[in-house]
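# Tertiary structure, described
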Amino acid sequence: MSSSGSKSLPPLNSPAAELPIIENAAAAVKVDQYLNVYKNILEHSPPAQRADDLQQYLHSIFRPTNLTILQLRALVYQFTDTLPNVSPPQTRIDAGISFLDKLGEHTASFREAEFSVQNVVATAYEEEGSFKEAAELLKRVSLEGLNRSITADDKAKHWVRIA
């Protein structure tokens, strides 16, 4: 993940190069175009470029005036459904952290997605042997306010995972 926070344009041969065009497209076609770019990033971005492309994608879809909440919902759920299968683990970490950072004001609308991505990122940290980072992230996970039922066993497993 680039620590500078700058949002430079992706390389021209990158699927993410289409993002500026989509941002200016008609609202009716944006979701389908974004879904196509996302699929192309997952399938065609070289592993060394994939995290940057995913971060560019997330930056674009979370632009404040770019999408309605309903349009954003479709893209967020596509991202959260596929993130566990993205490789390598460091790409899941970089893209997941970027997602959590960008979620910002939308957190209440996407509580389940936030929970899912937090767990995917924590698992990726564990796969990388970064157990302290995984535990730090899991400490911030709120089990309250989710649409799903959280049992006492689920809570215990969560806290044991942190320990």
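Structure's up top.
Here's what I pulled together on the structure shown here.

### Some thoughts on the packing of aromatic side chains
Under the counting rule described, the total for this entry stands at six aromatic pairs. Between the aromatic rings of Y34 and Y57, the centroid separation amounts to 6.0 Å while the plane-to-plane angle is 80 degrees, which identifies the pairing as edge-to-face. Residue Y34 is found in helix α2 (residues 27-44), and its partner Y57 is found in helix α3 (residues 47-61); the two are separated by 23 residues along the sequence. As far as the burial class goes, Y34 and Y57 line up, both buried. Among the aromatic residues, those joined into a ring-pair cluster are Y34, Y38, Y57, F62, F79 and F99.

### What about the side chain of T80?
Here T80 shows up in helix α4 (residues 69-82). At 3.2 Å, the side chain of T80 and the backbone oxygen of Y77 are in polar contact. Among residues more than four places away in sequence, those in contact with T80 are F99, A113, S116 and V117.

### Some details on the nonpolar core
If you look at the biggest cluster of nonpolar residues, it comprises 43 residues, and the most contacted ones within it are Y34, Y57, I61, F62, F79 and F99. Elements with a contribution of two residues or more to this core: α1 (19-23), α2, α3, α4, α5 (89-103), α6 (111-127) and α7 (131-139). A total of eight residues in this core trace back to one element, the largest contributor, which is α6.

### Considering the pattern of salt bridges
According to the stated counting rule, one finds four salt bridges in the structure shown. The salt bridge partner of R63 is E23, with a shortest N-O separation of 3.5 Å. Here E23 lies in helix α1 and R63 lies in the loop between α3 and α4, a separation of 40 residues in the sequence. A salt bridge links E127 to R92; the shortest N-O distance between them is 2.5 Å.

### A short note on the environment of Q56
Mapped onto the secondary structure, Q56 falls in helix α3. Along the chain, Q56 and I93 lie 37 residues apart, while their C-alpha atoms are 15 Å from each other.

### Structural notes on α4
The end-to-end C-alpha distance of α4 is 20 Å, a good match for the 20 Å that 14 residues give at a rise of 1.5 Å each. Considered for burial, the residues of α4 that qualify are Q71, L72, L75, V76, F79, T80 and T82. Its buried side turned inward, α4 meets α2, α3, α5 and α6.

What counts, and at which threshold
Residues numbered from 1 in each chain as written. Predicted model: local features only at pLDDT ≥ 70, side-chain atom pairs only at ≥ 80, totals over all residues. Heavy atoms only, no water. Phe/Tyr/Trp six-rings, centres within 6.5 Å; stacked < 30°, edge-to-face > 60°. Helix = DSSP H or I, 4+ residues; strand = E, 2+ residues; numbered from the N terminus. Buried < 20%, exposed > 50% of the residue type's maximum accessible area, 1.4 Å probe, protein only. Polar contact = N/O pair within 3.5 Å; in protein donor to acceptor, adjacent residues only side chain to side chain. Contact = heavy atoms within 4.5 Å. Core = buried A, V, L, I, M, F, W, Y, C linked by side-chain atoms within 4.5 Å. Salt bridge = Lys/Arg side-chain N within 4 Å of Asp/Glu carboxyl O. Expected span 1.5 Å × (residues − 1).

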